[in-house]
Amino acid sequence: MTLAPSPPDGDFSTLFNFLPIGAYRSSPEGQMLRANQALVRFNGYESESELTDAVNDIANEWYIDPVRRAEFRMQLERDGYVRGFVSEVHRHKTRERVWISENAHGVRDASGVLLYYEGTVEDITDRMRDQKALRESEEQLRLITSQMPGAVFSVFVRHDGEREYRFLSAGIRELYGFEAEDLMRNPALLARYFHPEDRVMLERDRQAIMSGAVSLDTEFRVVLPDGRIKWICNRSSAVSADEHGFLRVGVLFDITDRKEAEAALHASETLWKLALESAGDGVWDWNIRTGEEFFSTSIKAMFGYADDDLANLSAELDARTHPDDRAQMELDRRAHFEGRTPMYRNEHRIRCKDGRWKWVLSRGVVIARDVNGLPLRMVGTHTDITELKEAESQQRALEAQLRESQKMEAIGTLAGGVAHDFNNLLAAILGNLVLAREDVGEDHPAQESLAEISRAAIRARQLVQQILTFSRRQTQEMQRQPLKPLVEEALGLMRSLLPAGLKLVTRLPSSGLQVLADATQMQQVLMNLCTNAWQSMEGGSGDITVALREVRLDASQALQLGGLASGAYACLSVADNGHGMDIETQRRIFEPFFTTKAPGAGTGLGLAVVHGIVKAHRGAISVHSQPGEGTRFDVYLPLAAATDAGDRSALAVTAAPVPNASAISGKHVVYIDDYEALVFLVGRLLRKHGHQATTFESGEAALAWMQANPAVHVDLVVSDQNMPGLSGVETAIEIRRLRPALKVAIISGHVNDRLLTDASAAGVSDVMGKQDSMDALGEAIRDLLERNA
């Protein structure tokens, strides 16, 4: 096609190519006449001519939906221009799907004939993706909040007190009677409902927000149009602040019933206690100074006691508290007594009358203090949470199964590699030992040395078998212990496993940082994170930095980490300077079975298991990464509160027996193995047993021989599984295509379900593990020949 002449000097030709977004000129028939460099690059081409030559029909070659081209032209013909025309298109050369926004107008000659279209193309793929994600997120939030009592909101409060509601759940209708859209259109609507006596709270809350208050908890009355009065609780937390104002999130919920109950209970403490018990909780009232404690009938019944079985003393239930739970219970009480927590809250076990342990959630608050601020009286409730704890235990069991499957996969991969290479070496050593001992005779002085070599080789083979069979199951054992030694021990193993070119950098504190943790699981967390770090560098060089430090999280930081309690934490960090991750990958990084590796290269369970372990330790994990700038994982674990060689069996080594001649001889066996020494030994072994042996060091060589010698009879093919090039199963498939009736057996140092399934599908007659000796291999081959005779 012929290009339109370039614009003359002095016009906008330089601007045309300088534009950061695509610009074009196209014919009404759909041909590309001109394109600037931005549009050329957008479509995956190097030059304008390459693009214009390639595009013949814009409607069918560019638009995902060709109808969009017709709509585009219809708007142009109707209005003479289009603005912000959004379509999904292909990058012309690469066929990648992207979203664009077009602006265009038609150019006509003096007689009004349409000559061509001119316009711009802007890539808005990221914007569309973000909009979709936002819509999905908002819909998920809407669905979640629709199931919650009360109204969830997000509000921006300007410095002058004006409010802008950015999200409001439908629950507002149950509280006030109007729709969420009504309040979002008119933020002042809420103030009109305030009880006249409580309107001062609006100004008080505004001042608290302006002063940087993180959390607010306000209770006030509203007057509905029908005259009814409701009590509303407004709880909100700060999210961010800028020069324009403050963003907060919170919830409004109806506390009318509670307030009415409080009013009644204020007049009668007995009614107050009965009201709490009617909610299913047992009530206690503790005189801290005297040690006397009132236990409601339901508390005593909860643990199987009659009313007169327990004296009303705090020491009664404390003595029945599980020994492992007492220290934390005392620490939580002290934290509330000292004013560090607004409410006492603790989960612990109490021994019932029948000897069973029952989990309770104990909550309480100090309601009286002396002039020095020391607590005098505390009231609260006990809630039976045994069923909840049992459910959590079941969940931990499932998570343990997941971690077990990942461990077994890693061990299996390691064992397969070790078994293949190491067993080949040992087979050659043991095979040559057998031949050497036969050659020198039983009375030769070298027999003693050869026997020692045989003993060592057999011990080495047993070590391989131990690796293959190792997969013991371990339960979670939470113990108070310093984290630093666990990190150091795991790093010692990691240093021996790191590939060449990778450097392990450590930054550990002088203190141990006491945590409540399972040592094995915490070391698995570090090993998984370090393994993920080195795999992210894809065989290149770089640094993996492991750091441990103590941090203090305030309420805002703890909220951003998933609702942790504020306080002191141990922070374990693993950082690499690999390729990093984009935002989308970070969103999914902890999903089970999500992986960025090639198919078959990983399960996607490593980071999911890390996440599960950290959560089980009441911690949190965060990821910080940008493409090209590496990745850092931070694991937060709450600091623990301070509290007052087996038998050896001798290896019997006997002289190598001289194998009996096979009852079946004269058979033709083809043996395939990539290890030259083993091929040589097996060939000698087969010939020694009276067979014809043809040996090869690759599946490809064996196939070439069979194709070249179709008339040569073969009774059996025995092949190693793990070989460069064609594997044993792949070789078997090709051999059976040439000779469908020929029996093929496979030998592997790591026989697993997948290998057995693949071998069966390939028509393999037998799958055998690596034999302990050449004689054992000879016997196995003899058995195969006898079965096939």
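Residues numbered from 1 in each chain as written. Predicted model: local features only at pLDDT ≥ 70, side-chain atom pairs only at ≥ 80, totals over all residues. Heavy atoms only, no water.

*Asks:* Before we go on, may I ask you to explain the overall build of the chain in this structure?
*Replies:* On a plain count of helices and strands, the chain comes out with 27 helices and 27 strands. For the chain, buried positions account for 42% of its 789 residues. With the model as given, the accessible surface of the chain reaches about 42300 Å², and the carbon-plus-sulfur share is 52%. (Helix = DSSP H or I, 4+ residues; strand = E, 2+ residues; numbered from the N terminus. Buried < 20%, exposed > 50% of the residue type's maximum accessible area, 1.4 Å probe, protein only. Areas by Shrake-Rupley, 256 points an atom, 1.4 Å probe, with all protein chains shown as cover.)

*Asks:* When you look at the pairing of strand β6 (residues 151-158) in this model, what are you seeing that I'm missing?
*Replies:* The side chains of a regular strand alternate between the sheet's two faces. Burial analysis of β6 places seven of its eight residues in the buried class, which makes it a mostly covered element. Two strands pair when backbone bridges link them, and β6 and strand β10 (residues 245-254) are joined in this way by eight bridges, in the antiparallel orientation. Following the sheet pairing, S154 is matched in β10 by V249. Note that β6 and strand β7 (residues 163-168) share five bridges and pair antiparallel. Across the sheet, V157 pairs through a bridge with R163, a residue of β7. Count of turn residues in the β6/β7 antiparallel hairpin: four residues, of which G161 carries a positive phi of about 95°. (Pairing = 2+ DSSP bridges.)

*Asks:* Explanation requested: the pattern of salt bridges in the structure shown.
*Replies:* Here the structure, examined in full by the defined rule, presents 42 salt bridges. Between E330 and R333 there is a salt bridge whose closest N-O contact spans 3.5 Å. You can see E330 and its partner R333 sitting in helix α15 (residues 323-337), three residues apart, about one turn around the helix. Judged by its relative accessible area of 35%, E330 falls in the partly exposed class. Here R333 falls in the buried class, since its relative accessible area comes to 11%. For the salt bridge of K358 with D384, the shortest nitrogen-to-oxygen distance reads 3.6 Å. Placement of the pair is K358 in strand β14 (residues 357-369) and D384 in strand β15 (residues 375-384), with a sequence separation of 26 residues. Residue classification places K358 among the buried residues on the basis of a relative accessible area of 13%. (Salt bridge = Lys/Arg side-chain N within 4 Å of Asp/Glu carboxyl O.)

*Asks:* Honestly, the packing of aromatic side chains in this entry has me stumped. Any pointers?
*Replies:* Describing an aromatic ring pair means giving the distance of the ring centres and the angle of the ring planes. Scanning the entire structure with this criterion turns up 10 aromatic pairs. The interplanar angle of 75° and the centroid separation of 6.3 Å between the aromatic rings of F153 and Y165 together place this pair among those described as edge-to-face. Here Y165 lies in strand β7 and F153 lies in strand β6, a separation of 12 residues in the sequence. Of the two residues, F153 and Y165, both sit in the buried class. Centroid distance Y176 to F178: 5.3 Å. Interplanar angle 25°. Geometry classified as stacked. Overall, the relative accessible area of 3% leaves Y176 in the buried class. Given a relative accessible area of 6%, F178 falls into the buried group. An aromatic cluster is present here, built from F72, F85 and Y117 joined pairwise through their rings. One Lys or Arg, R83, reaches over the ring of Y81 and ends 4.3 Å from the middle of that ring. (Phe/Tyr/Trp six-rings, centres within 6.5 Å; stacked < 30°, edge-to-face > 60°. Lys NZ or Arg CZ within 6 Å of the ring centre and 35° of its normal.)

*Asks:* Looking at this structure, I do not really get unusual backbone geometry. What am I missing?
*Replies:* Excluding glycine, residues mostly carry a negative phi; peptide bonds, for their part, are mostly trans. We note that R95 has phi near 65°; this positive angle belongs to a residue other than glycine. Looking at the secondary structure, you find R95 in the loop between β3 (81-90) and β4 (97-108). A positive phi is found at L513, a non-glycine position, where the angle reads about 60°. Mapping L513 onto the fold places it in the loop between β17 (502-507) and β18 (514-517).

*Asks:* What is the right way to read the sheet that holds strand β13 (residues 344-351) from this model?
*Replies:* Strands belonging to one sheet form pairs held by backbone hydrogen bonds; the direction of such a pair is parallel or antiparallel. Taken in spatial order, the five strands line up as β12-β11-β15-β14-β13 in an open sheet, and their pairing is antiparallel. Each end of this open sheet is capped by a strand with a single partner; those strands are β12 (293-295) and β13. Along the sheet, successive strands turn relative to each other by an average axial angle of 25°, direction set aside. Bridge analysis of strand β11 (residues 282-287) against β15 gives six bridges, and the strand direction is antiparallel. The residue of β15 that forms the bridge with W286 is M378. Across the sheet, α15 lies against β11, β13, β14 and β15, angled at about 155° from β13, the strand it touches most. (Axes fitted to C-alpha atoms, helices over the stretch in contact; angles between N-to-C directions. Contact = heavy atoms within 4.5 Å.)

*Asks:* Can you walk me through the nonpolar core in this structure?
*Replies:* Here is a general trend for soluble globular proteins: nonpolar side chains tend to be buried in one another's company. Counting residues in each nonpolar core, the largest one holds 40 residues, and the members touching the most others are L526, L529, I544, V546 and F633. Counting residues per element, this core draws most heavily on helix α19 (residues 519-536), which supplies eight residues. If sequence neighbours within four positions are ignored, V546 has contacts with V487, L491, L504, V505, T506, R507, L508, L526, C530, L572, S573 and V574. (Core = buried A, V, L, I, M, F, W, Y, C linked by side-chain atoms within 4.5 Å.)

*Asks:* Explain the packing of helix α18 (residues 483-497) against α19 to me, please; I cannot follow it from the model alone.
*Replies:* Think of two packed helices as two axes; the pair is described by the angle between the axes and how far apart they sit. The contact between α18 and α19 brings their axes to 9 Å, and the two run at 40°. Considered as vectors, α18 and α19 are oriented oblique to each other. As for how α18 packs across α19, the hand of that crossing is right-handed. Contacts between α18 and α19 pair L486, V487, E489, A490, L491, L493, M494 and L497 from the former with A519, M522, Q523, L526, M527, C530, T531 and W534 from the latter. (Parallel < 35°, antiparallel > 145°, perpendicular 65-115°, else oblique. Left-handed = near helix turned anticlockwise from the far one by under 90°.)

*Asks:* Just to check I follow, could you spell out the environment of I288 for this structure?
*Replies:* Residue placement: I288 occurs in the loop between β11 and β12. Leave out the neighbours within four places in its chain, and I288 touches F337, P375, L376, R377 and M378.

*Asks:* Sorry, what's going on with the sheet that holds strand β21 (residues 620-625) here?
*Replies:* Strand order in this open sheet of five strands is β17-β19-β20-β22-β21, and the pairing throughout is mixed. The strands lining the two open edges of the sheet, one partner per strand, are β17 and β21. Each strand axis lies, on average, 20° off the axis of its neighbour in the sheet, ignoring direction. The pairing of strand β19 (residues 542-553) with strand β20 (residues 567-576) spans 10 bridges and is antiparallel.

*Asks:* Help me out: how do you make sense of the side chain of Q721 in this one?
*Replies:* Tracing the backbone shows Q721 in the loop between β25 (716-720) and α25 (728-738). Classification of Q721 as buried rests on a relative accessible area of 12%.

*Asks:* Would you take a moment to explain helix α10 (residues 200-210) for this structure?
*Replies:* Along an α-helix, residues three or four positions apart point the same way, because every turn accommodates 3.6 residues. When α10 is considered as a whole, its buried residues turn out to be M201, D205, A208 and I209. Buried residues of α10, seen end-on, are gathered within an arc of 100° and therefore sit on one face of the element. Here the buried face of α10 lies against β6, β7, β8 (215-223) and β10. One or two positions beyond α10, positive phi appears at G212, with a value near 90°. (Arc of directions from axis to C-beta.)

*Asks:* Hey, could you run me through the packing of helix α24 (residues 699-708) against α25 in this one?
*Replies:* It is at 10 Å that the axes of α24 and α25 come closest, and there the two elements cross at 5°. Taken as axis vectors, α24 and α25 run roughly parallel relative to one another. Mapping the contact onto sequence places G699, L703, M706 and Q707 in α24 and T731, E734, I735 and L738 in α25. Of the residues in the contact of α24 with α25, the class split is four nonpolar, three polar and one charged. (Nonpolar A, V, L, I, M, F, W, Y, C, P; charged D, E, K, R; others polar.)

*Asks:* Teacher, can you tell me more about the pairing of β14 here?
*Replies:* Note: β13 against β14, eight bridges, orientation antiparallel. Each residue of the ladder has a partner; that of R351, found in β14, is W357. Where β13 folds back onto β14 in an antiparallel hairpin, the turn is made up of five residues, including G355, whose phi is positive at roughly 95°. Pairing geometry for β14 and β15, over nine bridges, is antiparallel. Bridge pairing in β15 places R369 opposite P375. Hairpin connection between β14 and β15: a loop of five residues separates the two successive antiparallel strands, and G373 in this loop has a positive phi of roughly 85°.

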